[in-house]
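Okay, here's what each chain looks like letter by letter:
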Amino acid sequence: MTDQLSPAERFAASRTRRGSPRLERFRSALSFDLDPFQLSSCAALENGDSVLVAAPTGAGKTIVAEFAVFLAMQDPRAKVFYTAPMKALSNQKFQEFVAEYGADQVGLLTGDTNVNSGARIVVMTTEVLRNMLYADSDLLHDLSFVIMDEVHYLADRFRGAVWEEVIIHLPQNVRLVSLSATVSNAEEFGDWLQAVRGETAVIVSEERPVPLDQHILIRGKLIDLFDSSGVVATNRVNPELVQLARYGGRATGGPRSSRDAGRYHSRGGRPDDVRMDRAGLVKLLGERNLLPAIFFIFSRVGCDQAVKQVLRAGVRLTTAEEREEIHAIVEERCRTILDEDLAVLGYWEWLEGLQRGVAAHHAGMLPAFKEVVEELFQKKLVKAVFATETLALGINMPARTVVLEKLEKFNGEARVPITPGEYTQLTGRAGRRGIDVEGHSVIQWQDGLDPQAVASLASRRTYPLNSSFSPTYNMAVNLIEQFGRDRTREILESSFAQFQADRAVVDIARKVRSQEESLRGYEEAMHCHLGNFAEYASIRRELTDLERKGAVRADLQSRAERDRRQAQLTVLRKRLKQHPCHTCNDREAHARWAERWWKLKRQTDELSRQIRSRTGVVAKVFDRVTDVLIELGYLVRSESGVITASVHGRTLRRIYGERDLLVAECLRRGVWNDLDPAGLAAMAAALVYEPRRDEGQGSDRYLPKGPFRPAFEKTTDLWSKLDDIELEHKLPGSNPLSSGLSLAMYRWAQGTPLDSVLMEAELAAGDFVRMTKQTIDLLDQLSVVADGQVGRTARKALDAIRRGIVAYSSVA
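What this report covers is the structure whose coordinates are included nearby. The structure displayed is predicted, hence computed values, not measured ones. (Residues numbered from 1 in each chain as written. Predicted model: local features only at pLDDT ≥ 70, side-chain atom pairs only at ≥ 80, totals over all residues. Heavy atoms only, no water.)

1. So, the overall build of the protein chain
Scanning the protein chain for helices and strands turns up 34 helices and 19 strands. Across the 812 residues of the protein chain, 50% fall into the buried class. Intrachain contacts of the protein chain at a sequence separation of at least 6 include 74% that bridge at least 24 residues. If you sum the accessible surface of the protein chain, you get close to 38,400 Å²; carbon and sulfur atoms cover 48% of it. (Helix = DSSP H or I, 4+ residues; strand = E, 2+ residues; numbered from the N terminus. Buried < 20%, exposed > 50% of the residue type's maximum accessible area, 1.4 Å probe, protein only. Contact = heavy atoms within 4.5 Å. Areas by Shrake-Rupley, 256 points an atom, 1.4 Å probe, with all protein chains shown as cover.)

Okay, here's the thing in structure tokens:
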């Protein structure tokens with residue numbers, strides 16, 4: 001290996017060995033060598049810096065995180081927290097660290113799971129760490145490193161603010177390891193990290209560890225997206241593909257012989273069908289040694305239908321030995337699920353697909369089932385997975401091939417093209433490091449497909465990282481109680497949101513200065529020796545505008561309006577003729593410059609308005625949030641003007657979630673005092689449930705009977721009052737409560753069987769489990785925060801709903 005290095009590379013390697021002895025020990029235990037970006041990142045950590053690592057999916061960013069853990073474990077007291085955006089990813093990292101360091105050294109905190117929280121390595125969701133920081137938890141003692149995996153989630157409009165809160169509030173002595181996709185503004189994000197966290201090395205790599213071959217599938221033939229002839233640069237679209245696209249996926253003039261026709265016919269499809277059916281595609285990939293494969297279908301129903309289609313076609317991708325191994329793993333992983341629930345969950349059909357090497361993967365599935373699919377795919381026992389795009393986020397499931405059936409998806413409102421960032425994330429799953437020489441992406445041909453557009457999608461650098469940060473009520477009370485109002489404003493001004501706004505202001509201000517110079521040049525060009533030409537031009541413009549309006553609305557005007565307009569026109573024409581500049585020989589030349597001046601002045605005034613609106617934008621929102629809290633008594637102002645949290649504010653400090661203020665108000669006013677455990681579970685479900693757009697808010701007919709109904713009505717009235725107050729203070733407000741899940745949660749808490757509850761909820765098992773765990777999270781907060789009866793009821797409600805498939809955990 002060393003013999004293949006240049007003298008310069010050997011010198012650099014020698015310097016790394018001398019300057020990074022711990023990195024050398026870490027490397028010596030690996031079965032592979034590190035890439036340059038990994039070496040640079042790890043060396044920066046050993047040097048005492050924080051790091052931002054931006055690299056493609058599958059490039060090996062987690063090696064940097066593993067080295068941070070390795071460094072922490074060299075110190076007998078140091079601790080490291082690993083934060084991830086999803087519980088599935090947290091579970092996966094927990095299991096990996098347990099295998100490496102032992103169960104006694106590793107903990108897991110995900111809101112509904114608490115395992116060994118005092119361990120030296122703790123895996124957690126980002127929200128858990130944020131809550132720890134606000135509570136000044138003892139678990140933060142001796143914290144050395146925080147690893148933020150998938151830090152580009154900071155752009156998520158629902159949860160992204162949490163990442164910024166953590167980055168801003170972490171103690172300065174804690175080093176940050178930020179792992180990101182290859183966002184197009186990584187350097188800007190790195191500059192912000194440098195500003196708020198101190199020395200931060202920004203390491204950007206855009207090289208895939210495994211090259212990607214990209215193909216379009218037309219009539220059973222895989223055609224390279226890019227020209228591979230070697231005659232021209234490789235980023236040119238394949239001429240054969242361009243030719244086929246011109247003729248709608250057919251060869252020029254149609255196939256010349258039956259032999260040629262056979263090349264383009266779809267297997268299992270009609271002779272004139274350009275698209276290949278799924279079973280045929282699975283077989284084709286198997287014949288070309290391109291399995292295992294992930295087929296991305298942007299619909300849960302589509303994923304389930306795809307599995308059924310492939311199984312109906314008789315596809316079998318496993319040997320007898322593999323089927324036995326699959327059966328043993330599935331039985332072991334699902335042994336805790338009740339027999340009566342297995343049939344409801346479609347267990348036997350799911351098992352049949354697994355044993356034939358085929359499975360679906362989407363959020364509607366039971367988490368236990370998804371975990372089994374992930375494990376079997378990693379063990380190369382399942383060869384074809386039909387998945388929604390959530391599989392592309394974080395989970396370690398690389399394949400040899402990724403198939404995209406369409407390049408558009410439904411975003412909740414309309415079908416929209418996938419973005420370059422999404423394309424990069426999806427195709428990033430293709431190519432297994434250390435196994436495949438190259439990865440493959442296959443795009444199914446469809447009418448209207450433009451090869452040039454696909455090539456552009458495939459070759460553009462990915463999406464920019466934009467902040468979604470905005471102050472919340474809980475955040476405001478916590479920060480004011482810790483730092484006071486003035487210091488809090490300063491802290492919020494250090495957010496990435498304000499950093500980006502300020503940078504934009506700098507760019508806009510530069511443009512304003514440039515345009516103001518142009519305006520001065522235009523003023524000189526329209527200068528008239530006879531008088532003020534700007535004044536003359538203003539009269540001309542007013543006259544022209546009035547004439548145009550009159551021409552457009554002539555039929556709609558009354559006689560009086562027409563007479564009034566005519567009188568105005570007469571006055572303006574008289575003023576124009578009497579103006580000194582009217583007789584200037586260069587009048588029309590001056591007028592052309594005046595028109596340019598006016599247009600540029602209008603643009604410059606708009607830019608100046610943008611500067612005013614962006615300066616201090618985060619602090620302005622914080623001030624409005626603070627004013628609401630003062631009005632409602634959660635914050636109080638002393639005679640000297642100092643603002644602190646009231647007793648109600650101290651309760652609000654411990655309530656996290658989008659409806660933090662509403663929950664605090666309901667507890668304060670005793671709205672839920674008469675609810676039994678099932679009723680409180682149903683109420684918590686109404687607070688966390690987000691209905692589909694076509695679902696509406698639910699009706700009284702579907703509400704639990706008894707004390708729940710008046711309590712729900714009072715809660716809704718409180719929401720309405722808070723919404724009015726927020727609008728008065730120019731805050732966006734929130735969506736109305738939805739009772740769509742309340743009756744199902746009420747019955748689940750009462751012990752109703754799973755099949756009846758799922759039918760009542762009209763939810764897939766995976767969705768029901770996810771919503772119930774969110775309900776558990778809120779009830780858990782109530783059990784701690786609420787005084788007296790509501791707190792006791794919350795604890796009973798937790799026990800009532802944490803059962804059956806909801807209680808299943810892969811780590812507990």
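Structure's up, so let's keep going.
2. Describing the packing of aromatic side chains
The full count for this structure, using the stated rule, is 18 aromatic pairs. Look at Tyr 347 and Trp 348: their rings are 4.7 Å apart centre to centre, the planes differ by 85°, and that puts the pair in the edge-to-face class. Classification of Tyr 347 by relative accessible area gives buried; the value is 4%. Ring centres of Tyr 347 and Trp 350 lie 6.0 Å apart, and the angle between their planes is 55°; this geometry places the pair in the tilted category. Within this pair, Tyr 347 and its partner Trp 350 are both found in helix H15 (residues 347-355), separated by three residues, close to a single helical turn. (Phe/Tyr/Trp six-rings, centres within 6.5 Å; stacked < 30°, edge-to-face > 60°.)

3. Examining the packing of helix H6 (residues 126-135) against helix H7 (residues 160-169)
Two numbers describe how H6 lies on H7: the axes approach to 9 Å, and their chain directions differ by 45°. Between H6 and H7, the angle falls in the class oblique. Relative to H7, H6 is oriented so that their crossing is left-handed. Seen from H6, the contacting residues are Thr 126, Glu 127, Leu 129, Arg 130, Leu 133 and Tyr 134; seen from H7, they are Val 162, Trp 163, Glu 165, Val 166 and His 169. Per-class residue counts for the contact of H6 with H7 are six nonpolar, two polar and three charged. (Axes fitted to C-alpha atoms, helices over the stretch in contact; angles between N-to-C directions. Parallel < 35°, antiparallel > 145°, perpendicular 65-115°, else oblique. Left-handed = near helix turned anticlockwise from the far one by under 90°. Nonpolar A, V, L, I, M, F, W, Y, C, P; charged D, E, K, R; others polar.)

4. Structural notes on the pairing of strand E9 (residues 212-218)
Strand residues, when the strand is regular, have side chains that alternate between the two faces of the sheet. Taking burial as the measure, the seven residues of E9 include six buried ones, the bulk of the element. In terms of strand pairing, E9 meets strand E17 (residues 439-444) through six bridges, oriented parallel. Residue pairing in the sheet places Asp 213 in a bridge with His 440 of E17. With four bridges connecting them, E9 and strand E10 (residues 221-224) associate as antiparallel partners. Each residue of the ladder has a partner; that of Leu 217, found in E10, is Leu 222. Hairpin connection from E9 to E10: two residues lie between these consecutive antiparallel strands, with Arg 219 at a positive phi of about 50°. (Pairing = 2+ DSSP bridges.)

5. Focus: the environment of Ala 368
When you line up the elements, Ala 368 lands in helix H16 (residues 367-378). Ala 368 sits 34 residues away from Cys 334 along the chain, and the two C-alpha atoms are 7.2 Å apart. Each residue touching Ala 368, except ones within four places of it in the same chain, is listed here: Ile 337 and Tyr 808.

6. Focus on the side chain of Thr 793
The topology assignment puts Thr 793 in helix H33 (residues 788-801). Setting aside anything within four residues of it in sequence, one finds Thr 793 in contact with Leu 675, Asp 676, Pro 677 and Leu 680.

7. Topic: the side chain of Thr 200
The topology assignment puts Thr 200 in strand E8 (residues 200-204). In this structure the side chain of Thr 200 is engaged in a polar contact, spanning 2.9 Å, whose partner is the backbone oxygen of Gly 198. Beyond its immediate stretch of four places on either side in the chain, Thr 200 contacts Ser 50, Val 51, Leu 52, Leu 193 and Gln 194. (Polar contact = N/O pair within 3.5 Å; in protein donor to acceptor, adjacent residues only side chain to side chain.)

8. Notes on the sheet that holds strand E4 (residues 114-115)
Backbone-to-backbone hydrogen bonds join strands into a sheet, with any given pair of strands oriented parallel or antiparallel. With respect to topology, eight strands assemble into an open sheet ordered E4-E3-E5-E2-E6-E7-E1-E8, the strand pairing being mixed. Each of the sheet's edge strands pairs with one partner strand only, and the pair in question is E4 and E8. Against the sheet, helix H3 (residues 36-46) touches strand E1 (50-54), strand E6 (143-148), strand E7 (175-180) and E8, its axis set at about 165° to E1.

9. Let's talk about the sheet that holds E10
Overall, mixed pairing links the seven strands, which are arranged E10-E9-E17-E14-E11-E13-E12 in an open sheet. Of all the strands in the sheet, the pair left with one neighbour each is E10 and strand E12 (358-361). Between one strand axis and the next, the sheet turns by 25° as a mean value, whatever way the strands run. Contacts between helix H9 (residues 239-246) and the sheet are confined to E9 and E10, with E10 contributing the most and set at about 120° to the helix.

10. Side note on the state of the cysteines
Within this structure, the stated rule accounts for zero disulfides. Between Cys 581, a cysteine without a disulfide, and Cys 528, which holds the nearest cysteine sulfur, the sulfur-to-sulfur distance is 3.7 Å. Classification of Cys 581 by relative accessible area gives buried; the value is 0%. (Disulfide = S-S within 2.5 Å.)

11. Comments concerning unusual backbone geometry
Both trends apply: most residues other than glycine have a negative phi, and most peptide bonds are in trans. Following Leu 291, the chain continues into Pro 292 via a peptide bond in cis, with omega recorded as 5°. Considering the arrangement of structural elements, one finds Pro 292 in the loop between helix H11 (278-287) and strand E11 (293-296). We note that Glu 150 has phi near 55°; this positive angle belongs to a residue other than glycine. Along the chain, Glu 150 falls in the loop between E6 and H7. The class of Glu 150 is buried, set by a relative accessible area of 10%.

12. Looking at helix H25 (residues 617-632)
With 16 residues, H25 extends 23 Å from end C-alpha to end C-alpha; this agrees with the ideal 22 Å at 1.5 Å per step. If you check which residues of H25 are buried, you get Val 618, Ala 619, Val 621, Phe 622, Asp 623, Val 625, Thr 626, Val 628, Leu 629 and Leu 632. Directly beyond the C-terminal end of H25, a positive phi value near 90° is found at Gly 633. (Expected span 1.5 Å × (residues − 1).)

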